[in-house]
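Below, each chain spelled out in residue letters.
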Amino acid sequence: MKIDVITIFPAMVDAGLAEGVVGRARTSGLLDIVVHNLRDFTTDKHHVVDDVPFGGGPGMVMKPEPFFAALGAIRAARGTPGAVILMSPAGERFTQQGARRLAGVAHLVLLCGRYEGIDERVREALATEEISIGDYVLSGGEVPALVVIDAVARLVPGVVGDEQSVEADSFTRGLLDYPHYTRPAEYEGRPVPEVLLSGHHAEIRRWRREAALQRTQERRPDLLATAALDADEREWLKRSKS
Ligand code: 9D3
């Protein structure tokens, strides 16, 4: 999969992509990610990327020309992307479903803004979609771009070593995860649930399913409406409510 990121803080994005499963997938060639410095696409002596807003008001607006030039260079060097995503607090909320959709696109370009925002012509003419990672105010699109890349990359076959762990992922099933334990079997007076030490794999599976259901019901009941539940799980939920 190819990903290009356009930002005024390339070091920040590169640092976030250097470690962990994404870092390994980059060095192994599974992920071809290029981070571009927006200032490289300016033509003035001081590499200015922002300007005052037409109509007045506080703050600065990112100029359109460097974004147009950067995307033109990407198209020339790396082909026409399948999606050009503007990272924006006004975008559509990013979810696991959105990550699955983007994992099916061979080439993504992510545009990161700073300041008060980006000139509207960038959105109109370049972006094919606009994504927010949630309802809180960040100082720019770089951290959101890292969030999107991380969530999408781990769905690309081979990026996460253990395909089973991707498949079992809580949000893949639509439920929260069950509790995890490792040694020691008792720590500071807190024992590991007996069943996990028993070696009874069918019982362990059942305990984990029920623990995941219970947690989801307590903390995120909204997820139960769309979770992939079998007949047993629906029965368990019905009984737990009474
Ligand atoms: C103080 C400026 N805000 C006025 C309502 C608008 C604003 C502009 C730019 C707020 C945040 C930002 C910078 N944020 C992003 O570029 C961003 C973002 C976010 O802040 N939250 C969640 N997802 C995203 S994606 C990009």
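Refer to the preceding data block for the structure.
These numbers come from a predicted model, not from an experiment.

S.K.: Would you take a moment to explain the overall build of the protein chain for this structure?
M.R.: Each helix and strand in the protein chain was counted, giving 10 helices and 10 strands. Taken over C-alpha atoms, the radius of gyration comes to 23 Å for the protein chain, far larger than the 18 Å a tight globule of 242 residues would show. Judged by the C-alpha coordinates and their principal axes, the protein chain covers about 70 × 40 × 35 Å. Taking as baseline every contact in the protein chain between residues at least 6 positions apart, the subset at least 24 positions apart corresponds to 73%. Roughly 14300 Å² of accessible area belongs to the protein chain as shown, and the carbon and sulfur atoms make up 52% of that amount.

S.K.: What's the story with the side chain of glutamate 142 in this structure? I'm lost.
M.R.: Along the chain, glutamate 142 turns up in helix α6 (residues 142-153). Ignoring sequence-local partners within four residues, the contact set of glutamate 142 consists of Thr7, Ile8, Phe9, Met12, Val13, Cys112, Gly113 and Arg114.

S.K.: Where do I start with the pattern of salt bridges in this structure?
M.R.: Where side chains of opposite charge bring their charged atoms close, a pairing between them can arise. For the structure shown, the criterion picks out 17 salt bridges. We note a salt bridge from glutamate 120 to arginine 123, for which the minimum N-O separation is 2.3 Å. With a gap of three residues between them, glutamate 120 and arginine 123 both fall in helix α5 (residues 120-125), about one helical turn apart. Residue glutamate 120 is classed as partly exposed on the basis of its relative accessible area of 37%. On the accessibility criterion, arginine 123 (25% relative accessible area) is partly exposed. Measuring nitrogen to oxygen at the nearest pair gives 3.4 Å for the salt bridge that ties aspartate 232 to arginine 209.

S.K.: Which parts of the structure should I look at to understand α6?
M.R.: Residues that lie three or four places apart on an α-helix share one face, since the helix turns once every 3.6 residues. Here α6 is 12 residues long and its end C-alpha atoms lie 16 Å apart, about the 16 Å a rise of 1.5 Å per residue gives. The element α6 is extensively covered by neighbouring structure, given that nine of its 12 residues are classed as buried.

S.K.: Can you walk me through the site of the ligand in this structure?
M.R.: Around the ligand lies a shell of 16 residues, among which Ser88, Ile133, Gly134, Tyr136 and Leu138 are the nearest. A distance of 3.4 Å separates a nitrogen atom of the ligand from a polar atom in the side chain of serine 132. Interatomic distance of 2.8 Å between a backbone N/O atom of tyrosine 136 and a nitrogen atom of the ligand. About the coverage of the ligand: the protein hides 71% of its 570 Å² of free accessible area. Among the elements of the structure, β5 (83-93) and β8 (129-132) are those that each provide at least two residues to the shell around the ligand. Of the residues forming the shell around the ligand, the biggest block, three residues, is contributed by β5. Here the shell around the ligand is composed, by residue class, of nine nonpolar, six polar and one charged.

S.K.: Could you clarify how one ought to interpret unusual backbone geometry in this entry?
M.R.: Trans peptide bonds make up the majority, and among non-glycine residues the majority have a negative phi. Cis peptide bonds are those with omega within 30 degrees of zero, and the linkage from arginine 183 to proline 184 qualifies with 5°. One non-glycine residue, tyrosine 115, lies in positive phi territory at about 60°. A positive phi angle is found at glutamate 188, which is not glycine, with a value near 50°. Mapped onto the fold, glutamate 188 is located in the loop between β9 (186-187) and β10 (190-191). Using a relative accessible area of 67% as the deciding quantity, one classes glutamate 188 as exposed.

S.K.: Any chance you could explain the nonpolar core here in plain terms?
M.R.: One broad trend across soluble globular proteins is that nonpolar side chains are buried collectively. Core analysis: the biggest nonpolar cluster contains 31 residues, and Leu31, Phe94, Leu108, Leu110 and Val148 have the highest contact counts within it. Secondary structure elements with two or more residues in this core: β1 (2-7), α2 (20-27), β2 (32-37), β5, α4 (96-103), β6 (107-111) and α6. With seven residues, the top contributor of residues to this core is α6. Ignoring any residue separated from it by four or fewer positions in sequence, one finds leucine 108 in contact with Met1, Lys2, Ile3, Asp4, Ala83, Ile85, Leu102 and Val152. Among the nonpolar cores identified, the runner-up in size contains 17 residues, and Leu38, Met62, Leu71 and Leu86 belong to it.

S.K.: Mind showing me how you'd approach the packing of helix α9 (residues 201-219) against helix α10 (residues 231-241) here?
M.R.: When two helices pack together, their arrangement is captured by the angle between the axes and the distance separating the axes. Axis separation between α9 and α10 bottoms out at 11 Å; the angle between their running directions is 55°. Considering the angle they form, α9 stands oblique to α10. The chirality of how α9 crosses α10 is right-handed. Contacts from Arg209, Glu210, Leu213, Gln214 and Gln217 in α9 reach Asp232, Glu233, Trp236, Leu237, Ser240 and Lys241 in α10. For the contact of α9 with α10, a count of residues per class yields three nonpolar, three polar and five charged.

Procedures and definitions
Numbering of residues begins from 1 in every chain and follows the order in which that chain's sequence is written. Two thresholds apply to this predicted model, a pLDDT of at least 70 for residue-level local features and 80 or more for giving and counting side-chain atom pairs, whereas whole-chain, interface and lining totals are computed over all residues. Neither water nor hydrogens contribute to the side-chain values; these are computed over all heavy atoms in the structure. Every helix listed is a DSSP run of H or I at least four residues long, and every strand listed is a run of E at least two residues long, numbered separately from the N terminus. This radius of gyration counts C-alpha atoms alone. The globule rule is 2.2 Å times how many residues there are, raised to the power 0.38. In this description, contact between two residues means that some pair of their heavy atoms is separated by no more than 4.5 Å. Every accessible area reported is derived by Shrake-Rupley at a probe size of 1.4 Å, with residue values counting cover from the shown protein chains alone. One speaks of a salt bridge when a side-chain nitrogen belonging to Lys or Arg is within 4 Å of a carboxyl oxygen belonging to Asp or Glu. Type-normalised accessible area, obtained with a 1.4 Å probe on protein chains alone, sets the label of each residue: buried when under 20%, exposed when over 50%, and partly exposed for intermediate values. One less than the residue count of a helix, multiplied by 1.5 Å, gives the span that helix is expected to have. Here, proximity means that at least one heavy atom of the residue falls within 4 Å of the molecule or strand. As used in this structure description, the phrase polar contact means that two N or O atoms lie within 3.5 Å; if the pair is within protein, one of them must be able to donate a hydrogen and the other to accept it, and residues adjacent in sequence are counted only when both atoms belong to side chains. Under this grouping Gly is polar, as are all residues other than the nonpolar Ala, Val, Leu, Ile, Met, Phe, Trp, Tyr, Cys and Pro and the charged Asp, Glu, Lys and Arg. To qualify as a nonpolar core, a set must consist of buried Ala, Val, Leu, Ile, Met, Phe, Trp, Tyr and Cys residues joined through side-chain atoms within 4.5 Å. In this description, a line fitted to the C-alpha atoms serves as the axis of each element, helices being fitted only across the stretch in contact, and the angle between N-to-C directions of two axes falls anywhere from 0 to 180 degrees. An angle below 35 degrees is treated as roughly parallel, one above 145 as roughly antiparallel, one from 65 to 115 as roughly perpendicular, and anything else as oblique. Take the far helix as your reference; a near helix turned counterclockwise from it by less than a right angle gives a left-handed crossing, and one turned clockwise gives a right-handed crossing.

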